[in-house]
Protein chains: 4
Amino acid sequence: MEKIRMGMIGGGRGAFIGAVHRIAAAIDQQIELVCGAFSSDPQRSKDSGADLGLSPDRCYGTYAEMMEKENALPADQRMQFVAIVTPNHVHFPAAKAALEAGFHVLCDKPATLNLQEAKELKPIIEKSGKLFGLTHTYTGYPMVKQARHLVANGHLGDIRKVVVEYPQGWLAEAIESEDQKQAAWRTDPSKSGAAGAMGDIGTHAENLAEVISGLHIDELAADLTAFVPGRRLDDDGNVLLRFEGGAKGVLHASQIAVGEENNLAIRVWGTKAGLEWHQNEPNSLYVKYNDRPTEIYRTGQGYLCEAAQAGTRTPPAHPEGYLEAFANLYLNFSNHIRAIEAGETPSEVAKDYPTIDDGIRGMAFIEAVVASSAKNAAWTKLDC
Amino acid sequence: MEKIRMGMIGGGRGAFIGAVHRIAAAIDQQIELVCGAFSSDPQRSKDSGADLGLSPDRCYGTYAEMMEKENALPADQRMQFVAIVTPNHVHFPAAKAALEAGFHVLCDKPATLNLQEAKELKPIIEKSGKLFGLTHTYTGYPMVKQARHLVANGHLGDIRKVVVEYPQGWLAEAIESEDQKQAAWRTDPSKSGAAGAMGDIGTHAENLAEVISGLHIDELAADLTAFVPGRRLDDDGNVLLRFEGGAKGVLHASQIAVGEENNLAIRVWGTKAGLEWHQNEPNSLYVKYNDRPTEIYRTGQGYLCEAAQAGTRTPPAHPEGYLEAFANLYLNFSNHIRAIEAGETPSEVAKDYPTIDDGIRGMAFIEAVVASSAKNAAWTKLDC
Amino acid sequence: MEKIRMGMIGGGRGAFIGAVHRIAAAIDQQIELVCGAFSSDPQRSKDSGADLGLSPDRCYGTYAEMMEKENALPADQRMQFVAIVTPNHVHFPAAKAALEAGFHVLCDKPATLNLQEAKELKPIIEKSGKLFGLTHTYTGYPMVKQARHLVANGHLGDIRKVVVEYPQGWLAEAIESEDQKQAAWRTDPSKSGAAGAMGDIGTHAENLAEVISGLHIDELAADLTAFVPGRRLDDDGNVLLRFEGGAKGVLHASQIAVGEENNLAIRVWGTKAGLEWHQNEPNSLYVKYNDRPTEIYRTGQGYLCEAAQAGTRTPPAHPEGYLEAFANLYLNFSNHIRAIEAGETPSEVAKDYPTIDDGIRGMAFIEAVVASSAKNAAWTKLDC
Amino acid sequence: MEKIRMGMIGGGRGAFIGAVHRIAAAIDQQIELVCGAFSSDPQRSKDSGADLGLSPDRCYGTYAEMMEKENALPADQRMQFVAIVTPNHVHFPAAKAALEAGFHVLCDKPATLNLQEAKELKPIIEKSGKLFGLTHTYTGYPMVKQARHLVANGHLGDIRKVVVEYPQGWLAEAIESEDQKQAAWRTDPSKSGAAGAMGDIGTHAENLAEVISGLHIDELAADLTAFVPGRRLDDDGNVLLRFEGGAKGVLHASQIAVGEENNLAIRVWGTKAGLEWHQNEPNSLYVKYNDRPTEIYRTGQGYLCEAAQAGTRTPPAHPEGYLEAFANLYLNFSNHIRAIEAGETPSEVAKDYPTIDDGIRGMAFIEAVVASSAKNAAWTKLDC
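Counting starts from 1 at the beginning of each chain's written sequence and moves along it residue by residue. Each chain gets a letter, beginning with A, and each ligand a number, beginning with 1, in the order they are written. Two thresholds apply to this predicted model, a pLDDT of at least 70 for residue-level local features and 80 or more for giving and counting side-chain atom pairs, whereas whole-chain, interface and lining totals are computed over all residues. With hydrogens and water excluded, all non-hydrogen atoms of the structure serve as input to the side-chain values.

(A) Molecular detail of helix H1 (residues 17–27) of chain A. Among the 11 residues in H1(A), 10 count as buried, and that is most of the element. Each residue is assigned to one of three classes by its accessible area relative to the maximum for its type, calculated with a 1.4 Å probe on protein chains only: buried under 20%, partly exposed between the two thresholds, exposed over 50%. Secondary structure elements are taken from DSSP: a helix is a run of H or I of four residues or more, a strand is a run of E of two residues or more, and numbering for both begins at the N terminus. What H1(A) keeps buried is the set Ile17(A), Gly18(A), Val20(A), His21(A), Arg22(A), Ile23(A), Ala24(A), Ala25(A), Ala26(A) and Ile27(A). Note on contacts: a residue pair qualifies if any of its non-hydrogen atoms lie within 4.5 Å across the two residues. Turning to H1(A), the residues buried within the fold contact strand E1 (4–9), strand E2 (31–37) and helix H11 (322–341) of chain A together with helix H1 (17–27) of chain D. With its phi angle positive at about 60 degrees, Gln29(A) sits one or two positions after the end of H1(A).

Spelled out as structure tokens, the structure:
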């Protein structure tokens, strides 16, 4: 089976998430990295590409150059999709350029720098006839898919309450002033957008809550804080949620929660059962009842739904992690491309990855929390 | 050593919390139940007392009768303190009567039916010269005392964020209409007060957050809901918190969280470390750092603070539970009485139990969440 | 209801387990401590009794004196049963004396100093017509009762394997030479018997394994070690088990497992399901299947068996611990006495506590492991 | 950087472990699969290779053909190492052929079909001047490396006791008779060797115990059982261990432990501290003390040893799993090849993978447990 050819924008030497994307793309051996515009500095782009074993003529100084030169290559050589792994402010122009040049796009989250860009992007995608995927990694976990399945199938009854949280501790001090590159752009509004922690991780929490519950947040009341002196964007936020249909919820996220790693976690309670999932122990899903024992669903088991089983490469009990969840996005996305290019109907599993609709909701969430917080936590609707 | 003599108001046949109080009082063999007004029905009061091995002449039909007749007994026979274990609306009049009759009072929480009563009670206590304790059980756990100690000693640095939660599931259906006595009074405003879940368990969360963090909630924004059709009081609430001094927080509590038992839990993050404690695993306290391994403090160990060690009856590794935490309140309270009656200075440990000040704050919390929620989660100060 | 009157042998000032017994007896307010021979030093016995509020004339210098003088009291005042909480070498003579004097006996474990004594004790008990209970505390936990119930009801199918373990760390150094009283007698063969760790905690593991699995150990191969230089009894042991009927197993126990508290744990696997229980998290019982999610049974829930429910004093989710498990032994034992003395048929629950048969098996286990280890782990049958 | 070229023996369509090896090799994008003898059926080998995108001329029907034809290729095209992923009986002849043909070998475990082969293999390796790695996956986990480091650095003091276990449940029924391919060869002595569960997973436990403790097992006493009727090899085993230098231990492994996934776990206790690690929660390492709180070391943190840090691809808190542990073996092995071929001194990390010495010990373990069990658990020395 031939591999799907991928190009990459961003992810040069020293970047964190670019390397993660490349691993995720490599795991299933279905995708080959063939080119990249890894850095806006042409030499740095070539050096980065050389590290990755690419030939210099396919390491470009700009994504515009990449689009042009790749399109000049024979169809069976040129890249088929672009992974965008830059800071947020580059997402929109790079995605637009790639789509308009005829390439599918798999973009890191949040979708764009602001809501307006995200809304503009949707018709561009539709017009292009190309695919657009968004790497909300956490929904790639099999147990998240199982959780979504249980809710969708009515196992929990009507959903009443959602608590989602994402505490981290790594920005508890002003490390952005110590030349920590990851911290620097995330705390810079021109690169990160209107929100800090809320954009970086709050959107993951929002996406997880909506995906699992199957409900849209209608309005929210947010109290954002920049605890670290001198920081320009929020590093902590607490949000009351009201979902369409009457469910209530809480979302809190923080990057100053000292000692926390990446403790994304969610609990959902319905009229019949509740569920609980923790990213730090991603292979277990707890399902709870008032009148019988709590159940622990586990990755890889035969009793899981199809989408959950499709995302597991080993028999049960070989613990999976973040990279496999990430790889599931790449796997489904590349299978979607494969089906389309073969003129086949993609399977439900192949279409199971976040799209621009998730992206618009994420950007609307960011704008809403920032607007709400600016008005002292006034209730604010999501504009989408 | 002679036992301290206790009377009880409420807690007759069929009551839940009265039996718990009696166990808590019995564990350390320092307290003797000598009389009671267990029920407003004199015969039921006598029957309840007979179950407990009391002589009929010390089982009273009213607390007023109890005060009068006990005071008529010789000093070395009459009760020394009263435990009030009735529904909330009886707390204030019973406590007032007992204090004015010269008895110490240990009262179930919340302190009173409303904030005004709590505020009135304080000068009554002061005037009486008697002790008033409030059974916020959870602060009786040794690991809560250790958590309080770590914060007070600066181990966590300056506190930035507190997340406290109390999900339960037992009121997910309208069991109050099925003659479930515990559910019935808790969902009846005339007996429970202005709040349902927020009064019953939200106050425990509020108390735990303030005790451990050492901070007072300044203002809050609350979104309360009665999910179960026909229920007159909230069975769920989500609250944004702002503490004096700038810390932020979240409090959520629910009685419709299907499958949850009694999952009171708290996380506190400061500039130097974070901590985490769960009532369902009460003998472990997690202390977290950005630059070294998480530590698990355990009940009974020699490295704990004095208050934590004083509340443990066995060597480490004999798991303790709710009843021992409750007993710690009784033990300290009775030792306080003992010291006072012996004309001695009570130890710090003997004074370590919740008082009317906790009670006033709890009632102010209830009034604030109800008022805030009525104004669509408007920020509301605690009136105390 | 009148309380059952208890006397105590041992448990004077400074003892550990005596205080635990008194708490366990006090919790349910069904038992009253009326006398004691707390120490072989008469003055120390009186002082200890005074601490407990006993009158000096019921604090005896010897258990012989206690038997005699109590029997001289009117029937409605004299003690009804004796709790024996001394080091092991006193168990047999004290129990014999009490039984022959007409008192029921509740004895700490292991039953006696050696197997011969245990075997002698059985006909003495039978002849006396009195009850004899043994405080293997851990089988008092509700979730142990539920585990026993699941196995007995065939929920696990035929049992194939049992792994039971009890690591502790408190004897990792030679603290017996530092005047640590608990360590001193436990490491002294004249007081502890032929085994150290195997007698003190190995017997708990053996008892737990047999009670839950419903199987008797047929033969074993044991490798015992005294790791601490100069120690005369084993402080560690590893044992292969073969049960009657063909199940296999492992038992390991240690008092030199640094950092371990009291981690008694058991796993049992049958042809249909497996189960797992940990004393450090005593309110959860894990039941596992090959084809469906693991279940977590929890203390206090309505779906538990009668024996498990009978041992819980609070609604679910109020964590219980070691003292409540211990109290369950006292509660059932005292209810058994109550039934007998009322001429009633005791309930199944009232009879649910360990007896001399458990004691004989425990002593046979001790003798077998010591004999096996002396023969380089030769297979050795339990002599009972 | 050019990729290291890999060939594969075994791992055709339907195989489990071959796919895992390919993922492990792909993750870090340092290795390229260039050829294979995936099946002894030439067409099946070609079909399997086609699935993987290989050209038909590099898909061979036998490993002999592969050696010959690859050696006929130019040096910069031919494979540099062979991964052997067949059932056990093919390991030795395939490894011998590859080494003698001048290729490095990375071989699945156990090393060979029996001890004699393993001992023969060692001089073959030495004579070839090529590398031989063995995929004991579990020692690839960062926290296992950290555990090894803590013991080696004296953090635990002198090691006294090791408990290692590996319960699985998937062979609880006779699925080998239902055409389950994985079960079939594992329960067939001609393909699996003298042991069943002990060879398949017992060796993993043995290797883990020796690697972490830094101690060699001197002698053992084993009780093996085939619980499933008709099964020819053990599906369960319990083993007493004695290590050189006096430490003791227990090893138990099972494939009939219903409901268990892959619960490899180890505890090691020394004179100063103890440690605990569970494969099911592989990113946490518990380190325990008698006089201070237990510590939880976590994957990816900056306080870990070099070998542990080298095996992590993401910042802390992105959970890693089995595939990353496996990839660490491939990464280090390929870096070792890279260093050697560049004439450089390999780093300590590059040499950090299991070798033939682990393989010989594993085979000696298998022979010893089988021999011991045949003699009713007689103490048996490891012959190496």
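(B) A look at unusual backbone geometry. Here the residue pair Lys109(B) and Pro110(B) is connected by a cis peptide bond, since its omega of -10 degrees sits within 30 degrees of zero. Relative to the elements of secondary structure, Pro110(B) occurs in the loop between strand E4 (104–107) and helix H5 (115–128). Positive phi, normally seen in glycine, also occurs at Gln29(A), with a value near 60 degrees. Secondary-structure assignment places Gln29(A) in the loop between H1 and E2. The phi dihedral of Ala377(A) is positive, around 70 degrees, even though this residue is not glycine. Assignment of secondary structure puts Ala377(A) in the loop between helix H12 (356–374) and strand E14 (380–381).

(C) Expanded view of the domain arrangement of chain A. Residue and element names in this part refer to chain A. Structurally, chain A comprises domain 1 (4–134) and domain 2 (142–314 + 360–381). Computed from C-alpha coordinates alone, the two centres of domain 1 and domain 2 are separated by 27 Å. Facing the 20 residues of domain 1 at the interface are 19 residues of domain 2. Here's the idea: put two parts together, see how much 1.4 Å probe accessible area each one loses, and the total over both is what we call buried area. For the domain 1 and domain 2 pair, buried surface summed over both sides reaches about 1,500 Å², with 61% attributable to carbon and sulfur atoms. A per-residue breakdown of the area domain 1 buries against domain 2 is headed by Lys109, Leu113 and Leu115, which together make up 33% of the total. A pair is scored as a salt bridge if a Lys or Arg side-chain nitrogen falls within 4 Å of a carboxyl oxygen belonging to Asp or Glu. Applying the counting rule to domain 1 against domain 2 returns 2 salt bridges. For Asp200, the salt bridge identified is with Lys109, shortest N-O distance 3.6 Å. Any N or O atom pair separated by 3.5 Å or less is treated as a polar contact, with the protein-specific requirement of one donor-capable and one acceptor-capable atom, and with residues adjacent in sequence counted only for side-chain atom pairs. Our count for the domain 1 to domain 2 interface comes out at 6 residue pairs in polar contact (both at pLDDT 80 or more). With 4 residues, helix H5 (residues 115–128) is the largest single contributor of residues to the side of domain 1 that touches domain 2. The class makeup of the residues in the side of domain 1 that touches domain 2 is 9 nonpolar, 5 polar and 6 charged. Just so you know, the domain bounds were taken from an automatic or database domain assignment. Each residue is assigned to one of three groups, with Ala, Val, Leu, Ile, Met, Phe, Trp, Tyr, Cys and Pro labelled nonpolar, Asp, Glu, Lys and Arg labelled charged, and all others, Gly among them, labelled polar.

(D) Representation of the pattern of salt bridges in the model. According to the stated counting rule, one finds 108 salt bridges over all chains in the structure shown. The salt bridge involving Arg313(A) is made with Asp28(A); its shortest N-O contact spans 2.8 Å. Within this pair, whereas Arg313(A) is found in the loop between helix H10 (306–310) and H11, its partner Asp28(A) is found in the loop between H1 and E2, the two being separated by 285 residues in sequence. Like Arg313(A), the residue Asp28(A) is buried in the burial classification. For Lys145(B), the salt bridge is made with Asp352(B), and the minimal N-O distance between the two is 2.9 Å. Remark: Asp352(B) occurs in the loop between helix H11 (322–341) and helix H12 (356–374) and Lys145(B) occurs in helix H6 (residues 142–152); sequence separation between them is 207 residues. Through salt bridges that share partners, Glu165(A), Arg267(A), Glu165(B) and Arg267(B) make up one connected network.

(E) Inspection of the interface of chain B and chain A at higher detail. Each partner contributes residues to the interface: chain B has 47 residues there, and chain A has 47 residues. The junction of chain B with chain A conceals about 3,600 Å² of combined surface from both sides, 48% of it contributed by carbon and sulfur atoms. It is Arg160(B), Leu240(B) and Val258(B) in chain B that bury the most area against chain A; as a group they hold 19% of the surface buried on that side. On inspection of chain B and its partner chain A, the count reaches 10 salt bridges. Linking Glu165(B) and Arg267(A) is a salt bridge whose minimum nitrogen-to-oxygen distance equals 2.5 Å. If you look at where chain B meets chain A, you find 26 residue pairs in polar contact (both at pLDDT 80 or more). Counting only elements with at least two residues in the side of chain B that touches chain A, the list comes to strand E6 (159–167), strand E7 (217–225), strand E8 (236–243), strand E9 (248–254), strand E10 (265–270) and strand E11 (274–278) of chain B.

(F) Here's a closer look at the sheet that holds strand E5 (residues 132–134) of chain A. Residues and elements named next belong to chain A. Two strands pair under a simple rule: DSSP has to find at least two bridges between them. Reading across the sheet, the 5 strands line up as E2-E1-E3-E4-E5 and stay open at both edges, with parallel pairing between neighbours. Unpaired on one side and paired on the other, E2 and E5 mark the two borders of the sheet. Adjacent strand axes in the sheet meet at a mean angle of 25 degrees, parallel and antiparallel pairs treated alike. By the bridge criterion, 6 bridges tie E1 to E2 in an arrangement that is parallel. Following the sheet pairing, Arg5 is matched in E2 by Glu32. Lines fitted to C-alpha atoms define the axes, with helix axes restricted to the stretch in contact, and inter-axis angles between N-to-C directions lie between 0 and 180 degrees.

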